[in-house]
Amino acid sequence: MDHFQLRNGILHVEDVPLPAIAEAVGTPVYVYSRATLVRHAQVFRDGLSGLSDPHIAFAVKSNPNLAVLRVLAKEGFGADVVSGGELTRALAAGMKPADIVFSGVGKTHAELVQGIEAGIGQFNIESEEEGYELSAIAQDRGVRVACALRVNPDVDARTHEKISTGKRENKFGVPLDRAASIYAALADKPGLDMRGVAVHIGSQLGDLEPLETAFGKLGALIAELRGKGQSVTHADLGGGLGVPYRKDEVFPTPAEYGAMVARVTADWSVRLSFEPGRVIAGNAGVLLTRVIRSKRSGNGPPFVIVDAAMNDLARPAMYGAWHDFDAVQPTGERMTAHIVGPICETGDTFAMDREIDAIGAGDLAVFRTAGAYGATMASSYNSRGYVAEVLVDGDRFAVVADRIMPHSIMDAERVPEWL
Ligand SMILES: *Cc1c(COP(=O)(O)O)cnc(C)c1O
């Protein structure tokens, strides 16, 4: 069931008509559906029902809003964090420290300390150097921290190059052919409880095959490590499952993914962890925007200028990504247009030559599938503020992130007295 439906010709999120949110909060605004988040969490968990006691850690970077994290904490999810800021959020949202995994290629000394002091469940170490630093910090404090070694399996995830993370030339993890010796070296270090291996090959994967290849290599590594006398009790399979951004796209389901995982890992005898982000949050949110005006462009289609821009939703400018664009009150008429934001960059283009609902100045519309890698990637470029976020639950909604106005950002700036 989809919680973004037309009712009486008006697009609703659950039981709330979007014009009511635009009226109360203004535009642009991200709108999330609690029921959709919960359903995605359940579908993902159900997909893993063939595994014993899987650990699911939501990838906080995909949507770090505290209310979104709280919804998922209530679903029993932990968190996969990649910075001290994300760790602070996960804890503030009520995630149990033991359910938090700390990933990231450049954890600072301060972040490693923060993770230890918070008592998180696992560090995913991304280099030998990081392991030594973590060992020294843990030893200093007289503690032992649970760790997995993230390996780079050199697998082409067949996704956008900027979100591919498992090729040899990517910065993530340690090379597979050195993993066993690094694991052994770190297992000998005080303060580290080397208990597993981790892999994450990229995001928005449309195909299970690269994942299966990567997991196969991880399985071989586990066998090799055990053959050399190492203990391996945990394996973290990362995230990456893609979602349809267009109505006609078909992606592997969590059930298909779970069945593949169950098959590939059948004889691993480890506790498996997962770090889904986009597949949970992506289709649980839209970016609600209002058309400022339309502008003719020579003989071509008009430019529909909306009040959302690349600073609010960066994916089209950053990755050439597609987001479906639908009128909130479609008339049934269609038109072809270029959809652009107000920012002074040609990159601030959401779509060219797109067939869309006929729409004009003052009308509301949504960019779909904006719940992941949306608000979290916002900037204040062009001295625009930060977009507000709203969570819908049935017939009620709440502002879960205030709009940050340009003057508040300016308040953090100073002109030195000598100027
Ligand atoms: C980004 C990331 C994820 C989540 O990826 P999705 O494609 O959103 O599922 C999981 N694990 C790590 C280490 C990541 O960097």
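Here, every reference points to the structure presented above.
Below is a summary of the structure that appears in this document.

Reading guide: rules and limits
- Residues numbered from 1 in each chain as written.
- Predicted model: local features only at pLDDT ≥ 70, side-chain atom pairs only at ≥ 80, totals over all residues.
- Heavy atoms only, no water.
- Salt bridge = Lys/Arg side-chain N within 4 Å of Asp/Glu carboxyl O.
- Helix = DSSP H or I, 4+ residues; strand = E, 2+ residues; numbered from the N terminus.
- Buried < 20%, exposed > 50% of the residue type's maximum accessible area, 1.4 Å probe, protein only.
- Patch = residues over 30% accessible without salt bridge, like charges linked within 9 Å, V, L, I, M, F, W, Y side chains within 5 Å.
- Areas by Shrake-Rupley, 256 points an atom, 1.4 Å probe, with all protein chains shown as cover.
- Core = buried A, V, L, I, M, F, W, Y, C linked by side-chain atoms within 4.5 Å.
- Domains from an automatic or database assignment.
- Contact = heavy atoms within 4.5 Å.
- Near = heavy atom within 4 Å.
- Polar contact = N/O pair within 3.5 Å; in protein donor to acceptor, adjacent residues only side chain to side chain.
- Nonpolar A, V, L, I, M, F, W, Y, C, P; charged D, E, K, R; others polar.

Pairing between side chains of opposite charge can happen when the charged atoms of each approach one another. Applying the stated rule across the entire model yields 22 salt bridges. As a salt-bridge pair, Arg 150 and Glu 126 come within 2.8 Å of each other at their nearest N and O atoms. Here Arg 150 is found in strand β9 (residues 145–152), whereas its partner Glu 126 is found in the loop between β8 (122–125) and α6 (128–140), with 24 residues between them in sequence. Exposure class is identical for Arg 150 and Glu 126. Each is buried.

A cluster of nonpolar side chains, namely Val 415, Trp 418 and Leu 419, defines an oily patch on the protein surface of about 460 Å² accessible area. Among the structural elements, Trp 418 can be located in the segment after α12 (406–411). Assessed through its relative accessible area of 69%, Trp 418 is described here as exposed.

The next point concerns the nonpolar core. One finds Phe 215, Leu 237, Tyr 257 and Trp 268 to be the most contacted residues of the largest nonpolar core, which totals 101 residues. When residues of this core are assigned to their parent elements, the largest contribution, eight residues, is made by helix α8 (residues 208–227). Residue assignment places this core across two domains, with domain 1 (4–31 + 282–410) and domain 2 (34–280) each supplying three or more. For Trp 268, the contacting residues outside a window of four places in its chain are Phe 215, Leu 218, Gly 219, Ile 222, Arg 226, Ala 235 and Leu 237. In terms of nonpolar packing, the next biggest core, distinct from the first, is built from 18 residues, Val 25, Val 366, Ala 388 and Val 390 among them.

Here the focus is the environment of Leu 313. Secondary-structure assignment places Leu 313 in the loop between β15 (300–306) and α11 (315–319). The exposure class of Leu 313 is buried, given its relative accessible area of 1%. As a C-alpha pair, Leu 313 and Tyr 30 span 283 residues in sequence and 9.7 Å in three-dimensional space. Leu 313 has contacts with Tyr 30, Leu 287, His 323, Phe 350, Phe 367, Tyr 373 and Gly 374, leaving out every residue within four places of it along the chain.

A separate point is the site of the ligand. If you check the shell around the ligand, you find 15 residues, and the closest are Lys 61, Ser 203, Glu 275, Arg 278 and Tyr 373. The separation between an oxygen atom of the ligand and a polar main-chain atom of Gly 240 is 2.8 Å. Residue Glu 275 places a side-chain N or O atom 2.5 Å away from a nitrogen atom belonging to the ligand. Its residues placed into classes, the shell around the ligand shows three nonpolar, seven polar and five charged.

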